[in-house]
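Observations on the model geometry
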Amino acid sequence: MNMDDVARRGLVLLGCGKMGSAMLAGWLEGGLPRQSVTVLDPKPSDWLQDQGIRLNEELPEDPAIVLVAVKPQMMGDALPSMQAKGNGTTLFVSVAAGTPIATFEKALGEKTPIVRAMPNTPSAIGRGITAIIGNDHATAEQVDLAEALLKAVGQVVRLEREEQMDGVTAVSGSGPAYVFHLIETMAKAGEEQGLSPELALQLATATVAGAGALADGSDQHPGTLRENVTSPNGTTQAALDVLMNETDGFPVLLSRALKAAADRSRELANG
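Thresholds, definitions, all that
Residues numbered from 1 in each chain as written. Predicted model: local features only at pLDDT ≥ 70, side-chain atom pairs only at ≥ 80, totals over all residues. Heavy atoms only, no water. Axes fitted to C-alpha atoms, helices over the stretch in contact; angles between N-to-C directions. Helix = DSSP H or I, 4+ residues; strand = E, 2+ residues; numbered from the N terminus. Parallel < 35°, antiparallel > 145°, perpendicular 65-115°, else oblique. Left-handed = near helix turned anticlockwise from the far one by under 90°. Contact = heavy atoms within 4.5 Å. Nonpolar A, V, L, I, M, F, W, Y, C, P; charged D, E, K, R; others polar. Buried < 20%, exposed > 50% of the residue type's maximum accessible area, 1.4 Å probe, protein only. Patch = residues over 30% accessible without salt bridge, like charges linked within 9 Å, V, L, I, M, F, W, Y side chains within 5 Å. Areas by Shrake-Rupley, 256 points an atom, 1.4 Å probe, with all protein chains shown as cover. Salt bridge = Lys/Arg side-chain N within 4 Å of Asp/Glu carboxyl O. Pairing = 2+ DSSP bridges. UniProt positions renumbered as here; feature names shortened; annotations may be inferred. Core = buried A, V, L, I, M, F, W, Y, C linked by side-chain atoms within 4.5 Å.

Let us now look at the packing of helix H7 (residues 164-173) against helix H12 (residues 250-269). Their axes nearest at 8 Å, the elements H7 and H12 cross at an angle of 135°. Viewed along their axes, H7 and H12 adopt a mutual orientation that is oblique. Crossing handedness for the pair H7 and H12: right-handed. Contacts between H7 and H12 involve Asp166, Thr169, Ala170 and Val171 from the former and Leu258, Ala261, Ala262, Ser265 and Arg266 from the latter. For the contact of H7 with H12, a count of residues per class yields five nonpolar, two polar and two charged.

Written out as structure tokens, the structure is:
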């Protein structure tokens, strides 16, 4: 099962918000024929309507893939319409946060091949990272295919157990928001040191983006990169003494924050 198979049998995208659109753009750029794609979306964007794909039309008989990208809250409405494709050779790939594989098996049939995936918002610019796990009915080829499709928007990692999805959610799924908040708070603190709001924001944004790119492109551990910037008794050291404080610094704060996200992810999964 490969991209030729997808082109021949068709790909269905259920829900096409920002994440779905980013993936679709990646696939079309990668050469997936437009007429092989059927998108079901009640409020399609102008961009989507201009793509020349099959929009809100009848589904192909036996699509290679149905990619579920609707909000978890809408899942109840969306899945029953897909039941006819369950228990067959169609692979379902879900990027819906907090919806466990068991929910899909219940709605579609227990023999349905399913891959659960957790991408993140930098996928919108092809810089995402997605974690995937398949159920027992997803063949090795189908999991490879899901990985190939999701590579259109960034890196892909495979999990050993579905329970790890809660940790992934806490680190990379929700993580972009923590980084945006870091930019906000760095900028605010810069203003307190006499910089204009515009300048503080520009400095903070470029610094976080640049440091992220540096860490991503380096084979050195971020701890080493941090040490490289820190001269003894210098300015960076003064700031890190505050941030790395084990009572109220980053280590405790982020540990609490990530635990809260992972706990909430478990709650959502349990309905």
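For Leu108, the location among the structural elements is in helix H5 (residues 101-108). For Leu108, a relative accessible area of 3% corresponds to the buried category. Sequence spacing of Leu108 and Leu79 is 29 residues, and the spatial spacing of their C-alpha atoms is 7.3 Å.

With that settled, consider a nonpolar patch on the surface. On the surface, Leu243, Met244, Phe250, Leu253 and Leu254 cluster together into a nonpolar patch covering about 400 Å² of accessible area. Looking at where Leu254 falls in the secondary structure, it is placed in helix H12.

The strands making up a sheet are joined through hydrogen bonds of the backbone, oriented either antiparallel or parallel. Spatial strand order, E3-E2-E1-E4-E5-E6-E7-E8: eight strands in an open sheet with mixed pairing. Where the open sheet ends on each side, the last strands, each with one partner, are strand E3 (54-55) and strand E8 (154-158). Of the strands in this sheet, strand E1 (11-14), strand E4 (65-68), strand E5 (91-94), strand E6 (114-118), strand E7 (128-134) and E8 touch helix H6 (residues 140-150), which is tilted by about 155° from E8. Packing against the sheet, H7 makes contact with E6 and E7, and its axis sits at approximately 35° to E6.

This part takes up the pairing of E4. Two faces, one strand: in a regular strand the side chains alternate between the faces of the sheet. Across the two faces of E4 the burial is the same, with Ile65 and Leu67 and Val66 and Val68 all buried. Pairing between E1 and E4: four bridges, direction parallel. Looking at E4, one finds that Leu13 is bridged to Leu67. Direction of pairing for E4 relative to E5: parallel, over a ladder of four bridges. Bridged to Val66 within E5 is Phe92.

So, about the UniProt feature "binding site: NADP(+)" (unreviewed entry) in the protein chain. In the numbering used here, UniProt assigns the feature "binding site: NADP(+)" (unreviewed entry) to Leu14, Gly15, Cys16, Gly17, Lys18, Met19, Ala69, Val70, Lys71 and Pro72. Summarising the element assignment, Gly15 is placed in the loop between E1 and helix H2 (18-29). Setting aside anything within four residues of it in sequence, one finds Gly15 in contact with Gly20, Leu40, Asp41, Ala69 and Val70. When you line up the elements, Met19 lands in helix H2. Met19 has contacts with Pro119, Asn120, Thr121 and Ser123, leaving out every residue within four places of it along the chain.

With that settled, the discussion passes to the pairing of E7. E7 sits mainly inside the fold: five of its seven residues count as buried. Bridging between E6 and E7 involves four bridges; their strand directions are antiparallel. Residue pairing for E7: Ala117 is matched across the bridge by Ile132. In the sheet, E7 pairs with E8 via five bridges, with the strands oriented parallel. When the sheet's bridge partners are listed, Gly128 is paired in E8 with Gly154.

Per the counting criterion, the structure on display carries 15 salt bridges. Residue Arg127 is joined to Asp216 by a salt bridge in which the shortest nitrogen-to-oxygen separation is 3.1 Å. Of this pair, Arg127 sits in the loop between E6 and E7 while Asp216 sits in helix H9 (residues 197-217); the two residues are 89 residues apart in sequence, bridging distant segments of the chain. Its relative accessible area of 51% is what places Arg127 among the exposed residues. In this structure, Asp263 engages Arg266 in a salt bridge whose closest nitrogen and oxygen atoms are separated by 2.8 Å.

Right, let's talk about the UniProt feature "binding site: NADPH" (unreviewed entry) in the protein chain for a bit. If you check UniProt for "binding site: NADPH" (unreviewed entry), the listed places come out as Asn56 in our numbering. Within the secondary structure, Asn56 sits in the loop between E3 and E4. Beyond its immediate chain neighbours, meaning those up to four positions away, Asn56 contacts Val39, Leu40, Asp41 and Pro44.

Counting residues in each nonpolar core, the largest one holds 32 residues, and the members touching the most others are Leu11, Leu13, Leu24, Trp27, Ile65 and Leu67. Of all the secondary-structure elements, those providing two or more residues to this core are E1, H2, strand E2 (37-40), E4, E5, E6 and H6. Among residues more than four places away in sequence, those in contact with Trp27 are Leu11, Leu13, Leu32, Leu67, Leu149 and Ala152.

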